[in-house]
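Here is what each chain is made of, one letter per residue.
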Amino acid sequence: MSSSFRTLMSSGVKVKLLFFAKARELVGVTETGLVVPNGLYTQKKLLSIIVETFPVLCSIQGNFIVALNEECMDQSQSIELKEGDQLAVIPPLSGG
């Protein structure tokens, strides 16, 4: 294990990422873990980290939201993630 990875693990927070609809199709998994550095996050910053981690989401980047622990985040809201938090990647849904 590299020292930079150990540093990230010791100063980061492990969250669960859940993918729905088109995001799940693109990423190829329903859920995965992600370690993010400690700190405050806006929805925009979380979206940026998720797309950076999963570049296949670039095609829908401007069209999905992030929910934290089953609640949609307000765009102006700043939150501090805690160990075990769940972030859901939710693209727009269509139906008939």
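Nothing here was measured: the structure is a model prediction, and the numbers come from that model.

### Brief notes about helix H3 (residues 43-53)
Reasoning step 1: Those residues of H3 that sit buried are Gln43, Leu46, Leu47, Ile49, Ile50 and Val51.
Reasoning step 2: Buried residues in H3 make contact with strand E1 (12-19), strand E2 (31-37), strand E3 (40-41), strand E4 (65-68), strand E6 (79-80) and strand E7 (86-90).

### Some remarks on the packing of aromatic side chains
What describes a pair of aromatic rings is the distance from one ring centre to the other and the angle between the planes of the rings.
Reasoning step 1: Under the criterion given, the structure shown has one aromatic pair.
Reasoning step 2: Ring geometry for Phe19 and Phe54: centres 5.2 Å apart, planes at 75 degrees, overall edge-to-face. In this pair, Phe19 sits in strand E1 while Phe54 sits in the loop between H3 and E4, placing the two residues 35 residues apart along the sequence. With respect to class, Phe19 is no different from Phe54; both count as buried.

Procedures and definitions
- Residues numbered from 1 in each chain as written.
- Predicted model: local features only at pLDDT ≥ 70, side-chain atom pairs only at ≥ 80, totals over all residues.
- Heavy atoms only, no water.
- Buried < 20%, exposed > 50% of the residue type's maximum accessible area, 1.4 Å probe, protein only.
- Helix = DSSP H or I, 4+ residues; strand = E, 2+ residues; numbered from the N terminus.
- Contact = heavy atoms within 4.5 Å.
- Phe/Tyr/Trp six-rings, centres within 6.5 Å; stacked < 30°, edge-to-face > 60°.

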